[in-house]
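Take a look at the letters that make up each chain.
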Amino acid sequence: MNYKLVGIGEVLWDLLPGGRQLGGAPGNFASHARSLGASVVLASRVGDDALGREAIGRLAQLGIPPVAIEVDASRPTGTVGVELSADGQPRFDIHRGVAWDAIEGNAAARDAVAVADAVCFGTLAQRSAPSRAAIRALVASSPPQALRILDVNLRQDYYSDEILRESLALANVLKLNDAELPRLAELLSLPGDERAQLQALSTRHRLRLIAYTRGSRGSLLFADGRWSEHPGITAHVVDTIGAGDSFTAAMAVGFLSGWDLDRINAQANRVAAYVCSCPGATPDLPAELRGEFSACPNCRG
C-alpha cells in the first residue's frame, strides 16, 4: 500500500485539563492515516512561535513531513480550550485570529494534492475568507479519481449555509455525525428518517461514499446503493477527541484498498474506539490496529 493522502485545514493545540495535545481534524486525519500505512501530507499554517515549532516537531515525529506547513510571522499558532464532561465529551473554545485562518496553499501543498489518492477537508478552517479560498482551490485541483472527503465539523458559529453548500459541491465523500445530520437536513430540506436523508444527500451530490457516525450507536456507511451498519464497540472512554477523524482515516484507507463496506465499517469502529480509550486526538495506535486493523485491546465487542 502506498496511498497518498492529504489533510487540508487547521492544525492546533487542544488545551486539555491534563495538558496540551496536538489536534485539528485534518492533522488528526493525517496522523492516523500515516499510522495505517499511507503516505501523508498536511497543508496548514502555524505561527512563528514556540507552539508552532513544537507542532512542526510533533508532526515530524508522527511521520508527517512539514513541507506544506506554512509559518505565519504575525498570527499565533492555533489553540483551543477544551473542557470534558463526565462521559468524555469535549466542549471547545476555538480561538480566533490564528495562523490557520490565513492558509495560502504553498507549492508543496499544491504538488501533494496534484498526485493525491484522497484529500480531506472540513468546514471549520473555512471560517476565514483567505483559508476558504486556498482550501477550495487545493481540493479542486486534486485528480478527478481522488476521494474528496468533506468532514462536516460544525463548531460554534464558524460555519454558514454557503460554506456547507459549496463544500458539498466540491466533495465526493461525506463524513458527518448524528449532531450534524439534522442541521444538513434542515438546510437542504432532506425528507424522512436518517437513512432516507443520507440517501438523498448521496443522490443530490453524487457522492461515492457517506460515513455517518452515531457515537455509542455505531455507524452507517452508504455507497453504490448499499448499506453497512455497525452497532459500535464498547470502550472505556477517556475522551472522544479525534475519534471521528481516526474513523475517517481508516475508512479512506479501507475504501482505497477495495474492502467491502462491512469490513471498512468494522475496522474504522475499532480504530475509533481505541482512540476514545486514550487521552488526546492522536494516540499511538497499537501494532494490531496499524497492521490489519484487527483488534482493539482496550475494547470489548
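Bear in mind that the values here come from a model prediction, so they are computed numbers and not experimental data.

Student: For this particular structure, what's the right way to read the overall build of the protein?
Tutor: In terms of regular secondary structure, the protein is built from 10 helices and 15 strands. Radius of gyration (C-alpha) of the protein: 17 Å, near the 19 Å computed for a compact globule of 301 residues. Each principal axis of the C-alpha distribution contributes one length, and for the protein these read about 50 × 40 × 40 Å. Here the protein holds 301 residues, and the buried ones make up 57% of them. Across the protein, every contact between residues at least 6 apart in sequence was considered, and the portion connecting residues at least 24 apart equals 69%. Taking the average location of the 29 positive side-chain charges in the protein and that of its 33 negative ones, the two points are 3 Å from each other.

Student: I would appreciate a short explanation of the sheet that holds strand β7 (residues 90-94) in the present structure.
Tutor: Strand pairing in a sheet relies on backbone hydrogen bonds. The paired strands run either parallel or antiparallel. The mixed open sheet is built from 4 strands, whose spatial order is β3-β2-β6-β7. What marks the edges here is a single partner per strand, and that holds for β3 (19-23) and β7. Neighbour-to-neighbour, the strand axes of the sheet open up by a mean angle of 30°, direction not taken into account. Judged from the 4 bridges that link them, strand β2 (residues 12-16) and strand β6 (residues 78-84) form a sheet pairing that is parallel. The partner of Leu12 across the bridge, within β6, is Gly78. Across the sheet, helix α2 (residues 50-61) touches β2, β3 and β6, and the angle it forms with β3 is around 60°.

Student: Explain the environment of Asn265 here, please?
Tutor: Its location among the elements puts Asn265 in helix α9 (residues 261-276). Taking C-alpha positions, Asn265 is 7.1 Å from Ser228, a pair spaced 37 residues apart along the chain. In this structure, Asn265 is in contact with Ser219, Leu221, Ser228, Glu229, His230 and Phe247, ignoring residues within four places of it in sequence.

Student: It is not clear to me how the sheet that holds strand β10 (residues 173-177) should be interpreted in this structure. Could you clarify?
Tutor: Across the sheet, 9 strands lie side by side as β5-β4-β1-β8-β9-β10-β11-β12-β13; this open sheet has mixed pairing. Edge positions in the open sheet fall to β5 (69-72) and β13 (226-230), since each of these has one partner strand only. Geometrically, the sheet is characterised by an average inter-axis angle of 15° between neighbouring strands, direction not taken into account. Where strand β12 (residues 219-223) meets β13, 5 bridges bridge the pair, whose relative direction is antiparallel. Directly across from Ser219, in β13, lies its bridge partner His230. Sheet contacts for helix α3 (residues 107-114): β1 (4-8), β4 (39-47) and β8 (118-122); angle to β1, the most-contacted strand, approximately 135°. Contacts from helix α8 (residues 243-256) reach β1, β8, β9 (147-151), β10, β11 (209-213) and β12 within the one sheet, and its direction differs from that of β9 by about 160°.

Student: It is not clear to me how unusual backbone geometry should be interpreted in this structure. Could you clarify?
Tutor: Apart from glycine, the bulk of residues carry a negative phi angle, and the bulk of peptide bonds sit in the trans form. With a phi close to 55°, Ser189 is a non-glycine residue in the positive phi region. Note on placement: Ser189 falls in the loop between α6 (181-188) and α7 (194-205). Looking at Ser189, the relative accessible area reads 55%, which means it is exposed. Even without being a glycine, Arg206 presents a positive backbone phi close to 50°. As for its position among the elements, Arg206 is in the loop between α7 and β11.

Student: Could you clarify how one ought to interpret the pattern of salt bridges in this entry?
Tutor: Opposite charge on two side chains permits pairing when their charged atoms draw close. By the definition in use, this model includes 14 salt bridges. Arg45 is the salt-bridge partner of Asp72, the closest N and O atoms lying 2.9 Å from each other. In this pair, Asp72 sits in strand β5 while Arg45 sits in strand β4, placing the two residues 27 residues apart along the sequence. A relative accessible area of 2% means that Asp72 is categorised as buried. Here Arg45 falls in the buried class, since its relative accessible area comes to 9%. Linked by salt bridges that have partners in common, Arg45, Glu70, Asp72, Arg75 and Glu104 make up one network.

Student: What am I meant to see in the nonpolar core here?
Tutor: Soluble globular proteins tend to pack their nonpolar side chains together in the buried interior. Ranked by internal contacts, the top residues of the largest apolar core, which has 50 residues, are Ile8, Leu174, Leu176 and Leu201. If one sorts the elements of this core by residue count, α6 sits on top with 5 residues. Contacts of Leu201, omitting those with residues within four sequence positions, involve Leu168, Leu174, Leu181, Leu184, Leu188, Leu190, Arg206, Leu207 and Ile210. Counting residues in each nonpolar core, the second largest holds 45 residues, with Ala268, Tyr274, Cys276 and Cys278 among its members.

Student: Is there a simple way to explain the pairing of β4 in this structure?
Tutor: Each regular strand shows side chains that alternate between the opposite faces of the sheet. For β4, a buried count of 8 out of 9 residues is recorded, marking the element as mostly surrounded by other parts of the structure. The pairing of β4 with β5 spans 4 bridges and is parallel. The residue bridging Ser44 from the neighbouring strand is Ile69, located in β5. Where the polypeptide runs from β4 across α2 and back to β5, its parallel neighbour, the crossover connection is right-handed.

Conventions and cut-offs
- Residues numbered from 1 in each chain as written.
- Predicted model: local features only at pLDDT ≥ 70, side-chain atom pairs only at ≥ 80, totals over all residues.
- Heavy atoms only, no water.
- Helix = DSSP H or I, 4+ residues; strand = E, 2+ residues; numbered from the N terminus.
- Rg over C-alpha atoms; globule rule 2.2 N^0.38 Å.
- Buried < 20%, exposed > 50% of the residue type's maximum accessible area, 1.4 Å probe, protein only.
- Contact = heavy atoms within 4.5 Å.
- Lys, Arg positive; Asp, Glu negative; His and termini not counted.
- Charge placed at Lys NZ, Arg CZ, Asp CG, Glu CD.
- Pairing = 2+ DSSP bridges.
- Axes fitted to C-alpha atoms, helices over the stretch in contact; angles between N-to-C directions.
- Salt bridge = Lys/Arg side-chain N within 4 Å of Asp/Glu carboxyl O.
- Core = buried A, V, L, I, M, F, W, Y, C linked by side-chain atoms within 4.5 Å.
- Right-handed = clockwise from strand over helix to strand, strands pointing away.

Purely geometric numbers; function is a separate question.
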